[in-house]
Amino acid sequence: MDYEAIVIGGGHAGIEAALALARLGRRTLMVTQDLEAIGRLSCNPSVGGLSKGNLVREVDALGGQMGLLIDASMIQYRVLGRSRGPAVQAPRAQADKALYAALARRALEAQAGLDLFMDTAVDLLVSADGARVEGVLTERGNRIGCRALVLTTGTFMEARLFIGEWSGPGGRLGERPAAGLGEALRRRGFRVGRLKTGTPARVRSGSLDYGEMERQEGEAPEPFSFLNDRLTRPSLPCWITYTNEETHAIIRSGLGRSPLYGGAISGRGPRYCPSIEDKVVRFPGRPRHQVFVEPEGEGTDEMYLNGLSSSLPEDVQEAFVRTVPGLRRARIARPAYAVEYDYLDPLGLDASLGSKLLGGLFVAGQTNGSSGYEEAAAQGILAGINASRFLASEPPVVIGRDQAYLGVLVDDLVTLGAEEPYRMFTSRAERRLSLRQDRADARLTPLAASLGLASAERLERFERRRAGIAEVAALIEGRRITREDVLASPALEPHLGESAAAALRDPELRGCLGLLLPGLGEGRRRDWIDSAELDARYAGYEEKEARLARRMEKAEGMRMPAGFDYRAVAGLSAEAAQKLEAARPLTLGQAARVGGVRSSDAALLLVSLLRRSRAL
């Protein structure tokens, strides 16, 4: 055997898979088409966001690289969802895309036991009985052996680009596709489908009128990685503007030349990140759509038009972009385009991300029908871990839905499949209060330690953080509300004699911790105090959430009444109602597993069924 493991692809899934394998002591080779393209942020130059920030912190807690990469390359940081509860708050950062990619390649090149090789995989080598993978065949005729292989081709497998009437082979503009592998997998009996994604135009910063746009500053940066205490990165502003009726009229006039509406593209695109032409068609009554104008890095003047993804012809793109305030004299450096690519049906995988058809093959990232850098990285580290365990004939690691967003992501993919690019949302998790981003280390670092992926530094920091949070929690639990406290703050009256932990559960008493324990911050980290306070404040809600999850498990066999009107269920998402009307499931359990139905939708159905039964 030439290598114990091979990773195909140098994107975010491939990076995490290759590093995990090598760090676990496996002689590993990464095969990628272009060493210069490793770690590229193909679309939005950002990492994190709602639920996605949780995934980044989970990858880091498992010993992965993405959190360290964004910490070292961020150019703006914000916490999304601050006005909402902690379960949906998550960090997001704009990245200097060139620096991020350079750091990713440097991390791979510095990793002992990992080699990089520039070539294109065109087929898998399999055993004589067709039961297990034995290597990879490349475009230049190289036959490289291995006993485990992780496939992470992203948007490149048999990929084709579309800009209006023009189309051509490519995984990114200016980069050729991975041709041959998709057809080879089809011949070997894999279920292969087509998906579509896209990206907006990039415009020159000097051609924009920032006086016509709303400036959006970043916040003081905080680390994604538990290995970092503080960051000193620069902060560049982003900008907000809006489309208008003139924009929409130009887009509608160009739909006849759109590959999306002309039938040239057959793959399903991401429902939750549609092109601007798709938004104009689907929401004809909406007078405007938001556009975020975001820098691509310190070393370039290209700006990313977040919200204007398109595959319309270049002349139409230039015309509609120049109707947007702030962009009226915009010079386009790179046009928007769509890319259609092959993916493997994730129903052909088990919960380890291992193939059910071919032993030793693991698949991760957009090759599984997911979307997003964060979803890819999370799958990549799990696939790398389980490829290593396969090599050692050890049982696979399976992450539970109650353990991590990674567990929700993988379980959804391998049980529901992916008819369109899958995107992670907080609402997909039944136990999202327990999956807060600030506690990812408590949930996953012990697992990383047991696997051998937690460095000595990570373990030392983890133990110090765990002890610090426990100390604060003990102080909060031990502090009793006294008569003097009530005199100082009458709102504490209902909690006289209770612990500060119990009082914190009262939503009217937010911010009272500083009053009850004024010296708490002396010599203690702010993030330890915040985590302990949130643990105390939401303990009751987490217990309620756990009870509801157990209730849902017991209620799986409840029958859905014939002719049940899903659209009449208050709070049920329009997508869920549409999918359920079409599927007509017989039981609540079947309803919960219909693609597009979230855990929150299933909970609403349960409540509706219980009310209906009581009314009969």
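Just above sits the structure.
Rules and cut-offs
Residues numbered from 1 in each chain as written. Predicted model: local features only at pLDDT ≥ 70, side-chain atom pairs only at ≥ 80, totals over all residues. Heavy atoms only, no water. Helix = DSSP H or I, 4+ residues; strand = E, 2+ residues; numbered from the N terminus. Buried < 20%, exposed > 50% of the residue type's maximum accessible area, 1.4 Å probe, protein only. Contact = heavy atoms within 4.5 Å. Areas by Shrake-Rupley, 256 points an atom, 1.4 Å probe, with all protein chains shown as cover. Lys, Arg positive; Asp, Glu negative; His and termini not counted. Charge placed at Lys NZ, Arg CZ, Asp CG, Glu CD. Pairing = 2+ DSSP bridges. Axes fitted to C-alpha atoms, helices over the stretch in contact; angles between N-to-C directions. Parallel < 35°, antiparallel > 145°, perpendicular 65-115°, else oblique. Left-handed = near helix turned anticlockwise from the far one by under 90°. Nonpolar A, V, L, I, M, F, W, Y, C, P; charged D, E, K, R; others polar. Patch = residues over 30% accessible without salt bridge, like charges linked within 9 Å, V, L, I, M, F, W, Y side chains within 5 Å. Salt bridge = Lys/Arg side-chain N within 4 Å of Asp/Glu carboxyl O. Core = buried A, V, L, I, M, F, W, Y, C linked by side-chain atoms within 4.5 Å. Arc of directions from axis to C-beta.

1. Concerning the overall build of the chain
Part 1 of the argument: A tally of helices and strands in the chain yields 21 helices and 21 strands.
Part 2 of the argument: Taking the principal axes of its C-alpha atoms as reference, the chain extends roughly 80 × 60 × 60 Å.
Part 3 of the argument: Residues counted as buried form 58% of the 616 residues belonging to the chain.
Part 4 of the argument: A sequence separation of at least 24 residues applies to 72% of the contacts in the chain between residues at least 6 apart.
Part 5 of the argument: Carbon and sulfur atoms form 50% of the exposed surface of the chain, whose accessible area is close to 25000 Å².
Part 6 of the argument: In the chain, the 82 positive side-chain charges and the 79 negative ones have mean positions that sit 3 Å from each other.

2. Concerning the sheet that holds strand S7 (residues 121-126)
Part 1 of the argument: Taking strand neighbours across the sheet as the criterion, the three strands line up as S7-S8-S9 in an open arrangement whose pairing is antiparallel. Each edge of the sheet is formed by a strand with only one pairing partner; in this case those strands are S7 and strand S9 (143-145). Strand-to-strand twist in this sheet, taken as the mean axis angle between neighbours without regard to direction, amounts to 25°.
Part 2 of the argument: As judged from the three bridges shared by strand S8 (residues 133-138) and S9, these two strands associate in the antiparallel manner. Across the sheet, Gly135 pairs through a bridge with Gly145, a residue of S9.

3. Considerations on the packing of helix H2 (residues 52-61) against helix H10 (residues 373-391)
Helix packing geometry: the angle between the two helix axes and the distance between the axes.
Part 1 of the argument: With their axes 9 Å apart at the nearest point, H2 and H10 run at an angle of 30° to one another. The pairing of H2 with H10 is recorded here as roughly parallel in orientation. As for the relative orientation of H2 and H10, their crossing is left-handed in sense. Residue-level inspection shows Lys52, Leu55, Val56 and Val59 of H2 in contact with H10, the latter providing Glu374, Glu375, Ala377, Ala378 and Ile381.
Part 2 of the argument: For the contact of H2 with H10, a count of residues per class yields six nonpolar, no polar and three charged.

4. Section: a positive patch on the surface
Part 1 of the argument: A surface patch of like charges, here positive, comprises Lys544, Arg547, Arg550 and Lys554.
Part 2 of the argument: As for its position among the elements, Arg547 is in helix H18 (residues 539-554).

5. Examining the nonpolar core
Part 1 of the argument: In terms of nonpolar packing, the biggest core is built from 105 residues, with Ile6, Leu149, Leu151, Leu185 and Leu406 touching the most fellow members.
Part 2 of the argument: It is H10 that contributes the most residues to this core, 10 residues altogether.
Part 3 of the argument: Ignoring sequence-local partners within four residues, the contact set of Leu185 consists of Leu124, Leu151, Met157, Phe190, Val192 and Leu344.

6. Observations regarding helix H9 (residues 314-321)
Part 1 of the argument: When H9 is considered as a whole, its buried residues turn out to be Val316, Gln317, Phe320 and Val321. Angularly, the buried residues of H9 cover 125° about the axis, an arc narrow enough to put them on a single face.

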